[in-house]
Amino acid sequence: MTEKINTIENQFTLPSKWYFENSYLEREKTEIFLKEWQLVGSRTQIRNPGEILLAEVADNPIIVICQKDNTLKAFYNVCQHRGGPLAYENCSVSKLQCKYHGWVYELNGDLKNARGFNKTELNIEDFGLQPIHVTEWMGQVFVNLSNSPQDLHQHIDEIKTLTSPIDFSDYVFKFRQSYQINCNWKVYMDNFLEGFHIPFVHPELNKVIDYKSYKTEIYERFSLQWCPLDSELSPYGKSENSKENKAFYFTIYPNIILNIAPGRLQTNIVEPKNSKTCVVHFDYHFDNPEEADIEKDADFSEMVQQEDILICENVQKGLESKGYDKGKFSPLNEQGVFHFQSLVKSSLNL
Ligand code: FES
Ligand SMILES: [Fe+2]
């Protein structure tokens, strides 16, 4: 007997309860967010020794620190005395001092001074910060909370070839804009993963891109949507090299988005907050920040984002209603959504 292969034609979209029942989010935290590499920011934010970058992964506070030899280390941002934080915000330090009772740690996580304890009461070598895996790729910093992470580079290195000759590894981080959105994180991902909605939801964006040439390509752990940027209306700079006048939208499983246009990279990190809410961070990076029209770029993104927020929050209501359970994928336009949902199912073993 031949086994039935799951194809986009014979599959349904995820059942709606996956988008609002807490049990699914709890499972996603364990099976996805505590296992997959998570983007936390740009290396240009922590270039010098002592510079620190804070993040949160599946409710775990994380601190990434540039070491004296300029390599990176990452730890839980949790003091081993009674769980206090070592920092409240991104900054530069010479030592890490807990904000609660003042224990002091070296940049490499070793406990140096346990205030209030003498040597007979506590062996400071046993109370270093808890380390986590950290890696860099194309100027971006990723952490992984599992003990034996898979190789991130092997999964996404092909992106370099696909965007060539654009090389965004030295683009400089300029600012972060964060949005709290009343929808499950997967609603946001599903929405991002298709350009099918652009003519309906984003009339201005539709003028800038060549929608008829819009393409989706599926790879093992990421997908790519791209289209030429032909119009003079483009809010991004125009490259001399016509090969670069494209917009690339990469989605790296599970929740990382790279929006690439000539001279600029905007990363989006989609963090679940609870089963019906997510926070999306937009980090803006530029090749030549002095020359880029950053305000125009940010204003345009803001308009598109507000349109996406409106549709995503309404889709969330639709999914929670009694009037819907599951639907179908357009084979021509929704391969990216199908790919993402298939990966979620396989992560959860469902
Ligand atoms: S919790 Fe850090 S010094 Fe007490
Ligand atoms: Fe959109």
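In this text the structure is predicted, and so the values were computed from the model without any measurement.

Conventions used here
- Residues numbered from 1 in each chain as written.
- Chains lettered and ligands numbered in written order.
- Predicted model: local features only at pLDDT ≥ 70, side-chain atom pairs only at ≥ 80, totals over all residues.
- Heavy atoms only, no water.
- Donors = N, O, S within 2.8 Å, 3.2 Å for Na, K, Ca; no water.
- Buried < 20%, exposed > 50% of the residue type's maximum accessible area, 1.4 Å probe, protein only.
- Helix = DSSP H or I, 4+ residues; strand = E, 2+ residues; numbered from the N terminus.
- Polar contact = N/O pair within 3.5 Å; in protein donor to acceptor, adjacent residues only side chain to side chain.
- Contact = heavy atoms within 4.5 Å.
- Pairing = 2+ DSSP bridges.
- Axes fitted to C-alpha atoms, helices over the stretch in contact; angles between N-to-C directions.
- Domains from an automatic or database assignment.
- Buried area = accessible area lost by both parts, 1.4 Å probe.
- Salt bridge = Lys/Arg side-chain N within 4 Å of Asp/Glu carboxyl O.

## As for the coordination of the iron ion (ligand 2)
Protein coordination at the iron ion (ligand 2): the donors are His197 (NE2), His202 (NE2), Asp308 (OD) and Asp308 (OD), at 2.0 to 2.7 Å from the metal. In primary-sequence terms, the residues that donate to the iron ion (ligand 2) follow H-x4-H-x105-D. By relative accessible area, which is 1% here, histidine 202 ends up buried.

## Brief notes about the side chain of asparagine 191
Tracing the sequence through the fold places asparagine 191 in helix 4 (residues 185–192). A distance of 3.4 Å separates polar atoms of two side chains, one belonging to asparagine 191 and the other to histidine 197. Non-local contacts of asparagine 191, meaning those with residues more than four positions away in its chain, are made with His197, Asp308, Ile311 and Cys312.

## Thoughts on the sheet that holds strand 9 (residues 131–137)
Paired through backbone hydrogen bonds, the strands of a sheet run either parallel or antiparallel to each other. Across the sheet, which stays open at both edges, the seven strands sit in the order 1-10-9-4-3-2-5 with antiparallel pairing between neighbours. Each edge of the open sheet is held by one strand with a lone partner, namely strand 1 (38–42) and strand 5 (91–92). Across six bridges, strand 2 (residues 51–57) lies against strand 3 (residues 60–66) in antiparallel orientation. Its bridge partner being in strand 3, isoleucine 52 is matched across the sheet by isoleucine 65.

## Overview of the sheet that holds strand 15 (residues 256–261)
If you walk across this open sheet you meet the seven strands as 11-17-16-15-14-13-12, and the pairing is antiparallel. Strands with a single pairing partner mark the edges of an open sheet, and in this sheet they are strand 11 (172–181) and strand 12 (215–218). For this sheet, the mean inter-axis angle between neighbouring strands, taken without regard to orientation, is 15°. Alignment of strand 12 against strand 13 (residues 222–228), held across four bridges, turns out to be antiparallel. Bridge pairing links lysine 215 to tryptophan 226 in strand 13. Lying over the sheet, helix 4 contacts strand 11, strand 13, strand 14 (246–252), strand 15, strand 16 (264–274) and strand 17 (277–286), oriented at roughly 30° with respect to strand 15.

## Quick word on the domain arrangement of the chain
You can read the domains of the chain as domain 1 (1–36 + 151–350) and domain 2 (38–149). Taking the mean C-alpha position of each, domain 1 and domain 2 sit 30 Å from one another. Buried surface at the junction of domain 1 and domain 2, summed over both partners, amounts to about 2,200 Å²; 60% is from carbon and sulfur atoms. Linking domain 1 with domain 2 are two salt bridges, by the criterion used here. Across the pair lysine 29 and aspartate 59 runs a salt bridge, and its minimum N-O distance is 2.8 Å. At the junction of domain 1 and domain 2, the tally comes to ten residue pairs in polar contact (both at pLDDT 80 or more). Of all the secondary-structure elements, those providing two or more residues to the side of domain 1 that touches domain 2 are helix 1 (22–33), helix 2 (152–156), helix 3 (158–163), strand 11, strand 15, strand 16 and strand 17.

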